[in-house]
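Chains, contacts and geometry: an overview
One-letter residues, chain by chain:
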Amino acid sequence: MTQPLNDKQRVAHEAVNMIHDGMVVGLGTGSTANYFINELARRCVEGLKIKTVASSIISSNRAQHMGLEIVSMEHLSHIDVYVDGADEVSPSMALLKGRGSDLVREKLLANASNQFLVLVDNSKLVERIGQNYPIPIEVAPFSWELVLASLIKMGGKGGLRPNGDGLAVTSHGSLVLDMTFDPSIDSQSLNDMLNSVPGVVEHGIFEQLATAILIGENEQVTQIT
Ligand code: 5RP
């Protein structure tokens, strides 16, 4: 018997309907992105002809395992569509991402793509960025203490993200600061502020990058553009 689709699977399948022959497709990271990769691979077996570029080693491994054609990022100057999940989505379509460890690649793909489709269930919709999660901020290992001091001066609170007995390290060797800020600061101002701090490699606010949000709720998919 076929299992009914959950909300994340439903949005992932809807997103695959938006992929056409000849496209270069960026693959996100996380459970929703995995549903997208699975369904995309199934459609390719049925004859869809596309190339993919992955936002993380884990997504690249999955895509390879599923038989998708993968191009490495350094050989691409253009991406048609990037499809990924998010941790939070605000009413103005700002996103918070980065519970994974590949923020730099994720933002590069989101920025370079003609379209950035964000796949979420309604649990990800928030009134303001930072409502449910701290803001992940990637820092070069030698700079974390100085960056933390700058962020504290800006009113931030937080510290290095732990991982078991050690510290979380991103795929290219950065450490991650998980920080909270005054809730009255809007995401655009926070984005501009974090972009201006020397030593910050990347951060999890994706401001004005999403072109469409696909939201799964009560067995329906709604789209905001
Ligand atoms: C990884 C991300 C993910 O897209 C985000 O955490 C959502 O994950 P999921 O689809 O598993 O809910 O930003 O860095």
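Our structure is the block above this text.
Described below are features of the structure shown in this document.

Reading the values: the criteria
Residues numbered from 1 in each chain as written. Predicted model: local features only at pLDDT ≥ 70, side-chain atom pairs only at ≥ 80, totals over all residues. Heavy atoms only, no water. Near = heavy atom within 4 Å. Polar contact = N/O pair within 3.5 Å; in protein donor to acceptor, adjacent residues only side chain to side chain. Areas by Shrake-Rupley, 256 points an atom, 1.4 Å probe, with all protein chains shown as cover. Nonpolar A, V, L, I, M, F, W, Y, C, P; charged D, E, K, R; others polar. Buried < 20%, exposed > 50% of the residue type's maximum accessible area, 1.4 Å probe, protein only. Helix = DSSP H or I, 4+ residues; strand = E, 2+ residues; numbered from the N terminus. Pairing = 2+ DSSP bridges. Phe/Tyr/Trp six-rings, centres within 6.5 Å; stacked < 30°, edge-to-face > 60°. Lys NZ or Arg CZ within 6 Å of the ring centre and 35° of its normal. Axes fitted to C-alpha atoms, helices over the stretch in contact; angles between N-to-C directions. Core = buried A, V, L, I, M, F, W, Y, C linked by side-chain atoms within 4.5 Å. Contact = heavy atoms within 4.5 Å.

1. Let's talk about the site of the ligand
Around the ligand, 15 residues are found, and the nearest of them are Ser-31, Thr-32, Asp-87, Lys-97 and Lys-124. The contact in question runs from an oxygen atom of the ligand to an N or O atom on the side chain of Lys-8, over 3.0 Å. In this structure, Thr-29 approaches the ligand through a main-chain N or O atom, which is 3.0 Å from an oxygen atom. About the coverage of the ligand: the protein hides 89% of its 380 Å² of free accessible area. Within the shell around the ligand, the residues separate by chemical class into one nonpolar, seven polar and seven charged.

2. Quick notes on the pairing of strand 1 (residues 24-27)
Side-chain alternation along strand 1 places Val-24 and Gly-26 on one buried face and Val-25 and Leu-27 on a second face that is also buried. The pairing of strand 1 with strand 2 (residues 51-54) spans four bridges and is classified as parallel. From the neighbouring strand, Val-25 faces strand 2, where its bridge partner is Thr-52. Where strand 1 and strand 3 (residues 79-84) come together, three bridges link them in parallel fashion. Within the sheet, the bridge partner assigned to Leu-27 lies in strand 3 and is Val-83.

3. Topic: the packing of aromatic side chains
The full count for this structure, using the stated rule, is two aromatic pairs. Seen in terms of ring centroids, Phe-116 and Phe-206 are 6.5 Å apart; in terms of plane orientation they differ by 50°. Their pairing is tilted. Remark: Phe-206 occurs in strand 13 (residues 205-206) and Phe-116 occurs in strand 6 (residues 113-121); sequence separation between them is 90 residues. For the residue pair Phe-116 and Phe-206, the accessibility class agrees, reading buried in each case. One aromatic cluster is present, formed by Tyr-82, Phe-116 and Phe-206 through successive ring pairs. Lying over the aromatic face of Phe-206, Lys-97 brings its terminal NZ or CZ to 5.8 Å of the ring centre.

4. Overview of unusual backbone geometry
For residues that are not glycine, phi is negative in most cases, and the peptide bond is trans in most cases. Positive phi, close to 50°, is recorded for Asn-218, a residue that is not glycine. Among the secondary structure elements, Asn-218 is positioned in the loop between strand 14 (212-217) and strand 15 (220-224). Despite not being glycine, Glu-219 shows a phi value in the positive range, around 65°. Looking at where Glu-219 falls in the secondary structure, it is placed in the loop between strand 14 and strand 15.

5. Regarding the sheet that holds strand 15
Sheet strands associate in pairs through backbone hydrogen bonding, adopting either a parallel or an antiparallel arrangement. The six strands are arranged 2-1-3-6-14-15 in an open sheet whose pairing can be described as mixed. Lying at the two open borders of the sheet, with one neighbouring strand each, are strand 2 and strand 15. Averaged over all pairs of adjacent strands, the angle between strand axes in this sheet comes to 20°, irrespective of strand direction.

6. Focus: the nonpolar core
Counting residues in hydrophobic clusters, the biggest one holds 22 residues, and the most contacted among them are Ile-19, Val-25, Phe-36 and Leu-40. Contributions of two or more residues to this core are made by helix 1 (7-16), strand 1, helix 2 (31-45), strand 3, strand 6 and strand 14.

7. So, the sheet that holds strand 12 (residues 200-203)
The antiparallel open sheet is built from four strands, whose spatial order is 8-11-7-12. Of all the strands in the sheet, the pair left with one neighbour each is strand 8 (157-160) and strand 12. Direction aside, neighbouring strands of the sheet carry axes that sit 25° apart on average. Here strand 7 (residues 135-139) runs beside strand 12; their pairing, made up of three bridges, is antiparallel. When the bridges of strand 12 are listed, Val-139 appears paired with Val-200. Contacting strand 7, strand 8, strand 11 (175-180) and strand 12, helix 5 (residues 144-153) crosses the sheet at an angle of about 10° to strand 11. Sheet contacts for helix 6 (residues 187-195): strand 7 and strand 12; angle to strand 12, the most-contacted strand, approximately 160°.

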